[in-house]
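Commentary on secondary and tertiary structure
These are the residues of each chain, in order.
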Number of protein chains: 2
Amino acid sequence: MPSRRQSQASGTRTAILDAAERLVQTRGFNGFSYADVAAELKITTAALHYHFPGKAELGDALIERYAARFGEALEGIAAMDAFAPAKLRAYKDLYLGVLREHRMCLCGMLAAEYQTLPDTMRKSVVGFLDQNCEWLSALLEAGRSERSLHFDGTAPAAARMIVGALEGAMLVSRPYAGTEHFELIANRLIEDFTLPARPARARR
Amino acid sequence: MPSRRQSQASGTRTAILDAAERLVQTRGFNGFSYADVAAELKITTAALHYHFPGKAELGDALIERYAARFGEALEGIAAMDAFAPAKLRAYKDLYLGVLREHRMCLCGMLAAEYQTLPDTMRKSVVGFLDQNCEWLSALLEAGRSERSLHFDGTAPAAARMIVGALEGAMLVSRPYAGTEHFELIANRLIEDFTLPARPARARR
DNA sequence: GTCTATAACGAGATAGAC
DNA sequence: GTCTATCTCGTTATAGAC
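Residues numbered from 1 in each chain as written. Chains lettered and ligands numbered in written order. Predicted model: local features only at pLDDT ≥ 70, side-chain atom pairs only at ≥ 80, totals over all residues. Heavy atoms only, no water.

**Thoughts on the pattern of salt bridges**
Under the convention used in this document: Basic side-chain nitrogens of Lys or Arg form a salt bridge, by our definition, when they fall within 4 Å of a carboxyl oxygen of Asp or Glu. Helix numbers and strand numbers start at the N terminus; a helix is a DSSP run of H or I with at least 4 residues, a strand a run of E with at least 2. Each residue is placed in one exposure class: buried if its accessible area under a 1.4 Å probe, protein chains only, is under 20% of its type's maximum, exposed if it is over 50%, and partly exposed if it falls in between.
Taken as a whole and assessed by the stated rule, the structure comprises 16 salt bridges over all chains. Its salt-bridge partner being Asp119 of chain A, residue Lys123 of chain A comes within 2.5 Å of it at the nearest N-O pair. With Lys123 of chain A and Asp119 of chain A both in helix H7 (residues 119–145) and four residues apart, this pair spans about one turn of that helix. Residue Lys123 of chain A is classed as exposed on the basis of its relative accessible area, which comes to 57%. Relative accessible area serves as the criterion here: at 46%, Asp119 of chain A is assigned to the partly exposed category. The salt bridge involving Arg69 of chain B is made with Glu21 of chain B; its shortest N-O contact spans 3.4 Å. Separated by 48 residues along the polypeptide, Arg69 of chain B in helix H4 (residues 55–78) and Glu21 of chain B in helix H1 (residues 11–27) bring together distant segments of the chain. Since its relative accessible area comes to 37%, Arg69 of chain B is described here as partly exposed. Given the relative accessible area of 5%, Glu21 of chain B is considered buried.

Written out as structure tokens, the structure reads:
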């Protein structure tokens, strides 16, 4: 039987990333410390430094994992047997799921703190935004082709608007308690891109 | 001749607020220190504490001044001899002006850091967002009445979408160099609300 | 892999002289 | 109003034992 590969994430490493991720998404990269993570895991900060030499490396690992997970979710949506509007709603629901946990999008939070980030983290944040815009562009193009979505201008431009609007909706919604504020904005945004279904029935 | 009132802002106090404001808008409330402000003004941190006993009080003063200044700008726009679409563009340009200085909206930045803020600052951030939404609601209603703007649903809901989208556009635009990213999103957003002028000429 | 111990620094804040 | 001097605490980080 094959033994564990050295590249496999140890339980502690994953637990550190989980705790740090939540802290960054709720308090920001400049709003948490190694001590916060260590306290949550009931280990010492010295143990943290064993897994991540410095906060910059921890930050790099956080974005890398987050972007990979988000990419998988996007692949899952792309593989859905559904028309583009349903996929766009599923994309919006990714953000909604994050907000439900009272979190900001990791890279949206880091975008706010952009000027204070190490250079490697900056590049990764931009990469995440680009990744989202490219995926959305393809979805929008497909929706236009199948006549289920409509928008003026280029697909990349429309994609940037959607990403910006959803990130902004999360940003301004978190100071208010629930998700109603976000859903109001997001649902309205998505409707603006959706053409009424032709064959079955009119929009209710 | 009347001597200076005690309530008048001293030059130092204003200089502190100016420096701190820029620091918060570029680096976040958790991304700057008294030492940063003191260094910029070439005074000591002890002098800062004379004007603002603690960082929380400084933060309160920052939001208060920012909201007041923003409110004045809104009054100025409301008083314009123009139709609602021009006023909506002027509103958008308020955000654009901030972004041109490579800054995030003060309260947008603070919204990201919301969970780490003192309670008085939290309340003020929400107040700022509400102030904007209420002003925009009135503008949207007026535009609908004069048939120069159109939107589905209620004016407050549409206003929240605009505020969220503009804050989000700033957020995701700052990692990219110029203002093109923002303008693409914001102009598109505003066009979606604007009805083509009836009498004179079609949109160019 | 995790600990204790500690270094080295920066942050917010205060006392008291000028 | 602003300074010097100092305090306390939190944060990042390292050395070396277990």
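More follows now that the structure is in view.
**Section: the interface of chain A and chain B**
Interfaces are frequently sized by the accessible area removed from exposure as the parts join. The condition is simple: In this analysis, two residues are considered to be in contact whenever any of their non-hydrogen atoms come within 4.5 Å of each other. Note on definitions: buried area is the accessible-area loss of two parts on being combined, 1.4 Å probe, summed for both. We call two N or O atoms a polar contact when they sit within 3.5 Å, provided that within protein one can donate a hydrogen and the other can accept it, with sequence-adjacent residues counted only if both atoms are side-chain atoms. Amino acid classes used here: Ala, Val, Leu, Ile, Met, Phe, Trp, Tyr, Cys and Pro are nonpolar; Asp, Glu, Lys and Arg are charged; the rest, including Gly, are polar.
Between chain A and chain B, the residue contacts involve 40 residues of the former and 40 residues of the latter. With both chains or domains summed, chain A and chain B bury close to 3500 Å², and 65% of this area falls on carbon and sulfur atoms. The three residues of chain A that bury the most area against chain B are Met161, Leu171 and Arg188 of chain A, which together make up 19% of that side's buried surface. Joining chain A to chain B, the criterion identifies eight residue pairs in polar contact (both at pLDDT 80 or more). A per-element tally of the side of chain A that touches chain B places helix H8 (residues 155–173) of chain A first, with twelve residues. Along the lines of polarity and charge, the residues of the side of chain A that touches chain B split into 22 nonpolar, ten polar and eight charged.

**Brief notes about the environment of Ser124 of chain A**
Looking at the secondary structure, you find Ser124 of chain A in helix H7. Along the chain, Ser124 of chain A and Ala20 of chain A lie 104 residues apart, while their C-alpha atoms are 17 Å from each other.

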